[in-house]
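Architecture at a glance
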Protein chains: 4
Amino acid sequence: MSHNDILTAAGFTGQELSGGTLPVFSPIDGTEIARIMETPAADMPAIIAKSQEAFKAWRKVPAPRRGELVRLLGEELRTSKAELGALVTLEAGKITSEGLGEVQEMIDICDFAVGLSRQLYGLTIASERPGHKMTETWHPMGPCGIISAFNFPVAVWCWNTALALVCGDPVIWKPSEKTPLTAIASMKILARAIERFGSDAPEGLAQLVIGGAGLGEALVASKDVPIISATGSTRMGSIVGPKVQARWGRPILELGGNNAMIVAPSADLDMAVRAIVFSAVGTAGQRCTTLRRLIAHNSIREELVSRLTKAYASLPIGDPRQATTLIGPLIDQGSRERMLAQIGKAKAEGGKVHGGHIVTSNVPQGGAYVEPALVEMPEQTDTVREETFAPILYVLGYDTLEEAIGVQNGVPQGLSSCIFTLNVREAETFLSATGSDCGIANVNIGPSGAEIGGAFGGEKETGGGRESGSDAWKGYMRRQTSTVNYSSELPLAQGVKFDF
Amino acid sequence: MSHNDILTAAGFTGQELSGGTLPVFSPIDGTEIARIMETPAADMPAIIAKSQEAFKAWRKVPAPRRGELVRLLGEELRTSKAELGALVTLEAGKITSEGLGEVQEMIDICDFAVGLSRQLYGLTIASERPGHKMTETWHPMGPCGIISAFNFPVAVWCWNTALALVCGDPVIWKPSEKTPLTAIASMKILARAIERFGSDAPEGLAQLVIGGAGLGEALVASKDVPIISATGSTRMGSIVGPKVQARWGRPILELGGNNAMIVAPSADLDMAVRAIVFSAVGTAGQRCTTLRRLIAHNSIREELVSRLTKAYASLPIGDPRQATTLIGPLIDQGSRERMLAQIGKAKAEGGKVHGGHIVTSNVPQGGAYVEPALVEMPEQTDTVREETFAPILYVLGYDTLEEAIGVQNGVPQGLSSCIFTLNVREAETFLSATGSDCGIANVNIGPSGAEIGGAFGGEKETGGGRESGSDAWKGYMRRQTSTVNYSSELPLAQGVKFDF
Amino acid sequence: MSHNDILTAAGFTGQELSGGTLPVFSPIDGTEIARIMETPAADMPAIIAKSQEAFKAWRKVPAPRRGELVRLLGEELRTSKAELGALVTLEAGKITSEGLGEVQEMIDICDFAVGLSRQLYGLTIASERPGHKMTETWHPMGPCGIISAFNFPVAVWCWNTALALVCGDPVIWKPSEKTPLTAIASMKILARAIERFGSDAPEGLAQLVIGGAGLGEALVASKDVPIISATGSTRMGSIVGPKVQARWGRPILELGGNNAMIVAPSADLDMAVRAIVFSAVGTAGQRCTTLRRLIAHNSIREELVSRLTKAYASLPIGDPRQATTLIGPLIDQGSRERMLAQIGKAKAEGGKVHGGHIVTSNVPQGGAYVEPALVEMPEQTDTVREETFAPILYVLGYDTLEEAIGVQNGVPQGLSSCIFTLNVREAETFLSATGSDCGIANVNIGPSGAEIGGAFGGEKETGGGRESGSDAWKGYMRRQTSTVNYSSELPLAQGVKFDF
Amino acid sequence: MSHNDILTAAGFTGQELSGGTLPVFSPIDGTEIARIMETPAADMPAIIAKSQEAFKAWRKVPAPRRGELVRLLGEELRTSKAELGALVTLEAGKITSEGLGEVQEMIDICDFAVGLSRQLYGLTIASERPGHKMTETWHPMGPCGIISAFNFPVAVWCWNTALALVCGDPVIWKPSEKTPLTAIASMKILARAIERFGSDAPEGLAQLVIGGAGLGEALVASKDVPIISATGSTRMGSIVGPKVQARWGRPILELGGNNAMIVAPSADLDMAVRAIVFSAVGTAGQRCTTLRRLIAHNSIREELVSRLTKAYASLPIGDPRQATTLIGPLIDQGSRERMLAQIGKAKAEGGKVHGGHIVTSNVPQGGAYVEPALVEMPEQTDTVREETFAPILYVLGYDTLEEAIGVQNGVPQGLSSCIFTLNVREAETFLSATGSDCGIANVNIGPSGAEIGGAFGGEKETGGGRESGSDAWKGYMRRQTSTVNYSSELPLAQGVKFDF
């Protein structure tokens, strides 16, 4: 489909796509596909106030009823899956299957959140005092600001929104400046769900703000936005986190990853090769969970590199709209330059580079296409310890598992990690208290591609936030511990006496 | 018992109590009871490094075995309850029953933590892929810095330490400069438990640092202390929180409260009066959960004030070592001056003050004794919205429950709150999403005196941290989401296809 | 709509409705609406064997994928809500709103079960041994036999089926002989969902058997049907339970209720009257949670009876298909006779009866229409202690709450109960360990009409089973406790030594 | 120590040990060590009535306070560990280390239960109706009858009692007729704890009945004993279960096991051999979790048998009081005869027997000492499928894992199981939905020796009960689902309308 066809199918009118100040480019060929209106910074106080108003009403709507809105959102997403997936491809450059997979993730979290809406379990707790009852309840928290990145332009919003809505919190979304169209399209889909849902949904329940960092700063600074869920670079998070903390807000940070795979001697190498290739080059290496470091046992390292370079050479690079393409473009030229620069630095540190060249033939002109790079490193250098948002995979060797875990943990980030091994002891050691220090630790699957049922997020510079499954929903609510005395006595805890 | 007898019973030698640079005063009479050694700031890196070493060993000790150490600590605390309680009285000025109650709280949390040590439950989670299994596991996190305040000189440490130890984390404790002796005594008690426990406890598992803010700053700044649990003023928390966040640590903040009670027309006034008096003047108004605001329905406000002034007049003020005393001294003269200043400001705002005078007769000389103050306010002024760490209780009137809840929530702090009512609808509304915005919300008991089974902490400027019961232990661990693929296939989540 | 229109709308062909041996009557007018095929008892072994085969395949389908089938079932139920609701009215005699409500309950449980399908949480548990990990996992259990009653002809099946399918268990359904058509219609709806779901659903995943008690006995007796979920009379349960237990199966029993409401002096009587009327006469008194005993404080008892008799007199009795009707027919003449007989017995025991007459005018001829009866009793007699499946409400007086609770608990059944009071102490006492002994205990709402989010079921002769929400799903799975030793040591639990 | 010394140390007086009608023999040498009083069957109604009275008081004691009694029990058990352990050795014939291990298990469960006493968590649940709140609470259930077996004469009681007491339930204990002395000694220990605990413990909180099956039958038959926790043979359970079910009680059954180990080609054979020997011959093969079937991969089967026969030959058999002994006597001569008979049958089915002879030299005369038997079987015969309570280990071969799992599951019992393998795929398959069908499934540790943190029990003829850790405590409580309406509206669930 042409750019225009995709935009039309996603429901955009010409008017929406022009007349604004924010140019939007397709990474496929670098063409400007829209120039849209930006939210004036001056509007932010009113937007936040509207969200607070919405909160006052929404928190009173019973949670299962709130869940019904999310269920309708899931239905609408199912209906619009193809169109929204294609738009993700157009605006973020993802290959078709991944564009659709991202929408599927939105659908999955909606299903999950609907179930949650009849749970949101607190606790009843045994009290030490006769005639007393103790309870822990979870209540809505207030507006949730969502700051999302270009690489998951819609799924991250939906993770947060599905949970926040069910938990009783309105949302205000500031998407990446690079991907406003998928954001607008998602809001249209949500608007259809709200339309069907009816008047229980207050105005301002879910708002979108389009524009630059100033908008995000307004969210980050406002005491009236108690939750800030921010996905992006560690640099961004290092600014957002302390600011939100300083005004007593709650930051949920999903920042950089520098994800590794350990390949043990007993690994099923066929599986490992397939997992490595997908994890390292999928989404052109632009997932936060992209595999960036390969820690291979020295007994199989050479064979692995040889098989990988062969596999890499076979990967179809090009227009992500084509069904056969596996590697689409980087998001922009700046990304490509940073990739090349990092490869240069790695080379200077002793790295032996396979691939990593610019691709210009058989690809749409204007896009930032690259070969994925495999870089054999003599050791874990500074460059390896940095996250570069591009398909560079550093290869390191190891002799003992303890050493391999040390290398895996020896970076500032703590998002995702995995081991390929058929050995129980190695697998379990990797998952134990002395194993991987990441929020995600897998065995015999790659570091990327999490299911929504588990909590998603990581430690150290990854920011410590958790989203998606498990009890991540608690991050969107406030906890209340209550004791009700239904007796006519007034005993004190810990047996304290105070009689007058 | 004399000061010396108490110190001797607590196991102090003359040598320990002299020759240092930090003077310790008893609030009972302002005398200097010790001059102890301070930890040089220059030692902090080594102390933190030792804690990291201890972590490497301690995390490998099975949790139920770690629980055994905490069980022994509970036993030792039981044995030393009287002595440690008396020392709390001497150093913090608490009345005897409260000094003992504080130790009981330490004992309770030990019992609770022992049980936890065989739980620390993670989850197994249904995976969407055949031959895959998904798990969430909680692992030890690393050293936990504990910064505690004078008003609960030992219980807060024990809350944190019992959980941290069971969770696999060493601790480094910086107590208030005003209460180092109770800290030293607690460490001796722990040392006895460690001695019985044996060699599984690594050196440096629990360390104490004595001295000024510089020591706390070293903990706050260090990347090697991933958890900082800080109890104290909002001002302190506003500095600690962002700093810890900025270096990717996890702050657990328990800061100021400005706790209120709503007294409804249907309230059992006899019970309410008793609850108010204890909550407002217990610990001389120096609990973080002390009742500071009384929001009384206008139909019963006058009667309530009349009964309270009568009750206040009957309260025995004096030496906290005497069994009959209910109100001991403030921690120091500075506290008393701040109290008087606040009363002055309240008066200027239209407040009608009952009590609040300095007490000098029938009390030990040198201590900062005061009458508790009841201040009828025309409205919730700026002064009322501030937390003053002294026994001032502001009285406000209301007509509708909605209005009363608005007043209750109309302060920057969010720790504890309660309502006295016999009406189901009022009680439940107060506990609902549109009710109290505090971390603690009670019915027919005062705001202070939490049981250890519930999570303790509050929202807004109270800092958002949770300690003690429920799943507060998760604050001391890191979460790991794992997927193990035990099949020979490699499906991707969300049905993504990537075949090469 | 005419009988035929309803049957046609529900998708029945003439062929299906005739030629069989089981006559089906509409309680609306007693006409025979179908004569359908019965499942030969001789087929049961093959049916059970097919279910076991289906189990072998279905347990391997990942739970979230199993959830997708249930989601589709929910979609199909939404599409067919009006038609299935009307059929419930035709075959079970429920009024229109209740017929639709029953289908809504099916939809709700589907939504809930979809969320569950990504949870089914087990635990990871702290192990006392180094290098060991302990886990609790929930696995599919095997075929689940469902025996349901006429009064919830489809919802109970759906409660069980939605959970069982998500949990990995095939189902075999034996509905009441009085309501096979709604069962067949439900299976058609499920078949449409399975059709859309595709080949992951094995043949025999959900089977229906139509006929008499012999079919149920075959399920109850078979070792290959590990779970028997039976809803119906205590008499039935008293046979099923021990038989299932004797062959090591797991009975989930939902049997009789004798549900009471306590009305306290402080109760909001307007609300109480409305709650009583709905609870006592809704579904013509044929819910397992129907209100059967009213325990009114003597100070308000007369007023309450007076208001109730007035309200009863105003209730439109008649054809349940008419929008204005609130009381439809009893299921059959036998029911009406049992009702009249019980009223006679109550009268003989001193009861004063209001209403309870047969209704013949302005109602379809042939149906068993009755006025609901209010019977003031001098005390809780044997007749009161029995459950009569008809709209008889016994009224008893009380003076103290303790006495009222004693009366409430003084029956062999333990399903549902409630109190109407505005008093916190009374409400909480009723909910406490010394309060109601029922599985359901409400405050200020009637005993009937449970939400699906909570566990449904009761104690004593009600059978002890739990279905629907909370962790009722565990009843459909088997629990496995695992310890994995990934160390090279072999320590024994409890420190036992055994060295050879 | 001599028999008398052990009895005296355990606190028995001569008077207690004589004059009764129940002879007690030591399996060590068959001597009668006591002749004690039996509880007259006629006393059972009064005993049960007393338990019901105790229940009325105990359920009101706050759970954390109930936990304090269990904590004191744990303390007393620590104090009496050596004496009680020795008595277990004397009366049940366990070797010293196992006698002590059994007491340790009692201590462990006490610690665990103390923690539980501040939890007993119910749920708060999101309600679909505005102004409503939904809660699930767990309440005390009533008297718990405990029927225990000779092989864990005291631990099983303590598992049940620690949980039951914390849950608010009194207990009535009927121990095995073969081990009444350990029961009496345990009750004395508990009496000391109760003495220290004080008057909150009602009379009759924990009662002991000594005698034959009639006493158990009285418990099983009584409606006033809602919970029957019975440990013993499948035969016993097949009688108890249906009877308890028939009178609406709750059976918790821990019956026979026929526990297997699969040894895969990759297994660490050194570890496997050690695990097999302990699991198969520990407690002279008289644990319910004793290893009874060895399913060895044909590639290593012969080697394994060879190493095992060698190991078996080296095991010191004899007086269990001697520190070096690893195999003590069987409980009595009847047991030995049954063992020999089973070996005979196995031989007739083609079994090749190693060991299994009577031992008479170097052992105390009068005891039923035997060599443990290793029996290589051509296939899984009827004899193999039976549980024989003696040290017979049947060895079977296999070629594929699927086959091995089929053999493992191909018996009527479903208690414990394990696999020895270093292969991740085999290990996880064994633990998966298609793996072991037992309640316990381990990897690289034997089937016996469970930690108390996990739920203990099994499926199929093992009875389905769960005791000890996880949420087994729920088996001792009743669940209550409550909805509180604190609004002034009366909406119905599922949107049902009923306006009159």
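What counts, and at which threshold
- Residues numbered from 1 in each chain as written.
- Chains lettered and ligands numbered in written order.
- Predicted model: local features only at pLDDT ≥ 70, side-chain atom pairs only at ≥ 80, totals over all residues.
- Heavy atoms only, no water.
- UniProt positions renumbered as here; feature names shortened; annotations may be inferred.
- Least-squares fit on C-alpha atoms with pLDDT ≥ 70 in both.
- Contact = heavy atoms within 4.5 Å.
- Buried area = accessible area lost by both parts, 1.4 Å probe.
- Salt bridge = Lys/Arg side-chain N within 4 Å of Asp/Glu carboxyl O.
- Polar contact = N/O pair within 3.5 Å; in protein donor to acceptor, adjacent residues only side chain to side chain.
- Buried < 20%, exposed > 50% of the residue type's maximum accessible area, 1.4 Å probe, protein only.
- Helix = DSSP H or I, 4+ residues; strand = E, 2+ residues; numbered from the N terminus.
- Pairing = 2+ DSSP bridges.
- Phe/Tyr/Trp six-rings, centres within 6.5 Å; stacked < 30°, edge-to-face > 60°.
- Lys NZ or Arg CZ within 6 Å of the ring centre and 35° of its normal.

Identification of chain A as aldehyde dehydrogenase (NAD(+)) from Roseibium litorale is taken from an unreviewed UniProt entry. Chain A has a UniProt comment under Sequence similarities (unreviewed entry) that states "Belongs to the aldehyde dehydrogenase family." The UniProt entry for chain A carries this comment under Subunit (unreviewed entry): "Homotetramer."

Superposition of chain A onto chain B requires a rotation of 180° combined with a translation of 0.0 Å along the rotation axis, giving an RMSD of 0.0 Å. Overall, the copies show the geometry of a two-fold rotation axis. For chain A, the minimum C-alpha distance to the rotation axis belongs to P242(A) and amounts to 2.2 Å. A shared interface surface links the copies, since 100% of the contact residues of chain A are contact residues in chain B too.

Before going further, it helps to examine the interface of chain A and chain C. With 27 residues of chain A in contact, the opposing surface of chain C contributes 27 residues. Both faces considered, chain A and chain C share a buried interface measuring about 2,300 Å² in area, 50% of it formed by carbon and sulfur atoms. Salt-bridge contacts for D108(A) lead to R118(C); the nearest nitrogen and oxygen are separated by 3.3 Å. Linking chain A with chain C are seven residue pairs in polar contact (both at pLDDT 80 or more), by the criterion used here.

Regular strands show a simple pattern: their side chains alternate between the two faces of the sheet. Residues and elements named next belong to chain C. Here strand β1 (residues 22-25) shows a buried face lined by L22 and V24 and an unburied face lined by P23 and F25. As paired elements, β1 and strand β2 (residues 32-36) share four bridges and run antiparallel to each other. Opposite P23, over in β2, you have R35 as the bridge partner. Where β1 hands over to β2, the hairpin turn is made up of six residues, of which G30 adopts a positive phi near 75°.

In this section: the packing of aromatic side chains. Counted according to the given criterion, the structure contains 20 aromatic pairs over all chains. Taking the centre distance of 6.1 Å and the plane angle of 70° together, the rings of W58(A) and F197(A) count as edge-to-face. Pair noted here: W58(A) is in helix α3 (residues 44-58) and F197(A) is in helix α8 (residues 180-197), with a separation of 139 residues, a long-range link. With respect to burial, W58(A) and F197(A) carry one shared label: buried. Considering the side-chain rings of F150(B) and F389(B), the 6.0 Å spacing of their centres and the 80° angle between planes classify their relative orientation as edge-to-face. A residue pair is termed long-range when its members are at least 10 positions apart, and F150(B) in the loop between β5 (144-147) and α7 (155-167) and F389(B) in the loop between α14 (382-385) and β14 (392-398) qualify at 239 residues. For F389(B), a relative accessible area of 24% puts it in the partly exposed group. Directly above the ring of F12(A) sits K188(A), whose terminal nitrogen or CZ lies 5.0 Å from the centroid.

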